[in-house]
Amino acid sequence: MKSDIKALEQRVVSALADNHNLEHPLYDVLDELWQYNQNQWSRIEQMIRVSDSYQDMILQREKTLGERFDKHLRQLEKITRISDRYQTALREANLELEQASYIDALTGLPNRRKMLRRLKTEFEMRPESLCLAMIDIDHFKRINDEFGHLMGDDVLVSVGNLIEHTVGELGHIARWGGEEFLVIFSQAGQLEVERCLEQLAKVIREARFDSGEGISIRTTISIGKSHYQTGDTIDALITRADNALYQAKNSGRDRVVFG
Ligand SMILES: Nc1nc2c(ncn2[C@@H]2O[C@H](COP(=O)(O)OP(=O)(O)OP(=O)(O)O)[C@@H](O)[C@H]2O)c(=O)[nH]1
């Protein structure tokens, strides 16, 4: 192509050198040059068109990519929201589960596990003022045998409520297991505790539990009490309360034995 132009130029130069000759084919050369330029120009136009459509294609592609990116981003946000909700629900469920693991399902009172935790805390903080009362319903098997297990459950719940109500702010109650309850007194004086336990035995003795068949059920409780002695462990304190309860049972039930 370069050599074509060179040849054309050459012909123009020689035509100009001979410009007296009106027949000289200068005008033919100029026509040819014009034609050549036209060809070049249409090539350039073609290239511009190709370039434009290429740019369009790129823009279109970027748009598609942008849309896809937005879609993924929205999905990601949705997943994050779901995951947040899931984590919150999981945390709440765990909390509920943990709380439930400290509650006795029948009576709604703190259970033995919770009580042992509390005991440990109290023991670390101020052991010298600690007092325990182990409480057991007397001849409870008879209630089950006579009125059925469901009625036995009702009596257990009612006795639990009465203990909790009578002890009030003075102590903390838990269902220790079966028909046994444990009360911790952490800040009450000895005399106050003894009076409270005597009152408790009286409250249960005088209580009447409706059997639902026109019969009122009566029962009593035996209580063994222990209080902290120098060098005690939690186990030792519980064992002394247990021994005192055993004595209360052996000496006729419906009484408090101070260990
Ligand atoms: N209804 C009911 N009964 C229970 C539950 N847990 C333990 N028991 C019953 O409690 C009774 C305890 O019987 P025993 O250990 O012989 O004691 P008791 O009859 O109370 O006699 P003493 O303790 O010696 O006065 C058993 O019959 C158990 O089945 C409970 O959650 N619900």
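Since we're looking at a predicted model, the values are computed, not measured.

Rules used in this analysis
Residues numbered from 1 in each chain as written. Predicted model: local features only at pLDDT ≥ 70, side-chain atom pairs only at ≥ 80, totals over all residues. Helix = DSSP H or I, 4+ residues; strand = E, 2+ residues; numbered from the N terminus. Buried ≥ 20, exposed ≤ 12 C-beta atoms within 10 Å, placed from the backbone. Contact = placed C-beta atoms within 7 Å. UniProt positions renumbered as here; feature names shortened; annotations may be inferred. Near = placed C-beta within 6 Å. Core = buried A, V, L, I, M, F, W, Y, C linked by C-beta atoms within 7 Å. Expected span 1.5 Å × (residues − 1). Arc of directions from axis to C-beta. Domains from an automatic or database assignment. Pairing = 2+ DSSP bridges.

Colleague: Mind laying out the overall build of the protein, listing which residues take part and the relevant values?
Modeller: Tallying secondary structure elements over the protein gives 7 helices and 7 strands in all. Mapped in sequence order, the helices and strands of the protein form the string α-α-α-β-α-α-β-β-α-β-β-β-α-β. Principal-axis analysis of the C-alpha atoms gives the protein an extent of 155 × 50 × 25 Å. Burial status across the protein gives 23% buried among its 259 residues. Of all intrachain contacts in the protein linking residues separated by at least 6 positions in sequence, the fraction that spans at least 24 positions is 62%.

Colleague: Give a detailed account of the UniProt feature "domain: GGDEF" (unreviewed entry) in the protein, specifying residues and quantitative values.
Modeller: As annotated by UniProt and renumbered to match this structure, "domain: GGDEF" (unreviewed entry) occupies residues 128–259. With 46% helix and 25% strand, residues 128–259 has end C-alpha atoms that lie 15 Å from one another.

Colleague: Would you mind going over the site of the ligand in detail, with residue names and values included?
Modeller: Around the ligand, 16 residues are found, and the nearest of them are Asp138, Phe140, Lys141, Gly152 and Gly178. Breaking the shell around the ligand down by element, the ones donating at least two residues are strand 1 (131–137), helix 4 (140–147) and helix 5 (149–167). Element by element, the count of residues in the shell around the ligand is highest for helix 5, at 4 residues.

Colleague: How would you explain the nonpolar core if you had to name every residue and give the values?
Modeller: One finds Leu132, Val183 and Ile223 to be the most contacted residues of the largest nonpolar core, which totals 40 residues. Contact partners of Leu132, with chain neighbours within four places excluded, come to Leu182, Ile184, Lys225, Ser226, Leu237, Ile238 and Ala241.

Colleague: Just give me the short version of helix 6 (residues 190–206), but keep the residues and values in it.
Modeller: When the terminal C-alpha atoms of helix 6 are compared, their 25 Å separation across 17 residues agrees well with the 24 Å that a helix rising 1.5 Å per residue should span. Within helix 6, the full set of buried residues consists of Val193, Cys196, Leu197, Leu200, Ala201 and Ile204. In a view along the axis of helix 6, the buried residues occupy a sector of 140°, so they form one face of it. Facing away from the buried side of helix 6, by more than 90 degrees, are the exposed residues Leu191 and Glu206.

Colleague: Give me the lowdown on the domain arrangement of the protein, citing residues and values where you can.
Modeller: You can read the domains of the protein as domain 1 (2–70) and domain 2 (112–258). The gap between the C-alpha centroids of domain 1 and domain 2 is 109 Å.

Colleague: Before we move on, could you go through the pairing of strand 3 (residues 180–185) and cite the residues and values that matter?
Modeller: A large share of strand 3 lies buried, amounting to 5 of its 6 residues. Bridge count between strand 1 and strand 3: 6 bridges; the pairing is antiparallel. Considered in strand 3, the bridge of Asp136 is made with Glu180. From the end of strand 2 (residues 172–177) to the start of strand 3, which pair antiparallel, there are 2 residues, and Gly178 there has a positive phi angle of about 50°.

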